[in-house]
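Notes for the structure review
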Amino acid sequence: MFGNLSWEHILVLVVVGLVILGPERLPGAIRWTSTSLRQARDYLSGVTTQLRQDLGPEFDDLRGPLSELQTLRGMTPRAALTKHLFDGDDSFLTGNFERPVNGTATPPPPQQPQPPVQQHGPAPFDTDAT
């Protein structure tokens, strides 16, 4: 539950708790919080065990959609778009419009450098546009 908290964050929480609660009540508050979390964890594991016993093999059928939902949580919008609309082919979004041939994409043809545009005199000025 608190796996993503670093030691610095925990230290800040302890210091803030020490300032707010004081040194007399802080150990009791930590003890109450830890027992409450343990009771909640035990309750949830009991509910999971009870569901597994009541549903039997159908419980594993419920886990399939939940695991798919878990994979969708980590998906970026671009990955979701390419997965569902383009079957994982992101060449549309990367600008590589060549279709792969036998599993390899053909490189785009090299572009010829364009000569610079020569202008004589000042750039045109349109008084109506400004």
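Residues numbered from 1 in each chain as written. Predicted model: local features only at pLDDT ≥ 70, side-chain atom pairs only at ≥ 80, totals over all residues. Heavy atoms only, no water.

**Quick notes on the confidence of the model for the protein**
Formally: Every residue carries a pLDDT, the predictor's confidence in it, which falls somewhere between 0 and 100. Secondary structure elements follow DSSP: runs of H or I of four or more residues count as helices, runs of E of two or more count as strands, with numbering from the N terminus.
On average, the protein scores 76 in pLDDT, and the residues at 70 or more come to 76%. Confidence, expressed as mean pLDDT per element, reaches its minimum in the protein at helix α4 (residues 91–94) with 62 and its maximum at helix α1 (residues 7–55) with 88.

**Here's the deal with α1**
Stated precisely, the cut-off is as follows: Any helix carries an expected span of 1.5 Å times its number of residues minus one. Throughout, the bend at a residue refers to the angle made by two axes, fitted to the seven residues ending there and to the seven starting there. Throughout, exposure labels follow a simple rule: accessible area from a 1.4 Å probe, protein chains only, divided by the maximum for the residue type, with under 20% read as buried, over 50% as exposed, and the rest as partly exposed.
Across its 49 residues, α1 extends only 41 Å between first and last C-alpha, which sits more than 12% below the 72 Å expected from 1.5 Å per residue. The largest bend in α1 is about 115°, located at Gly-22, with the proline Pro-23 one to four residues further on. Within the span of α1, buried status applies to Gly-17, Gly-22 and Leu-26. Directly beyond the C-terminal end of α1, a positive phi value near 70° is found at Gly-56.

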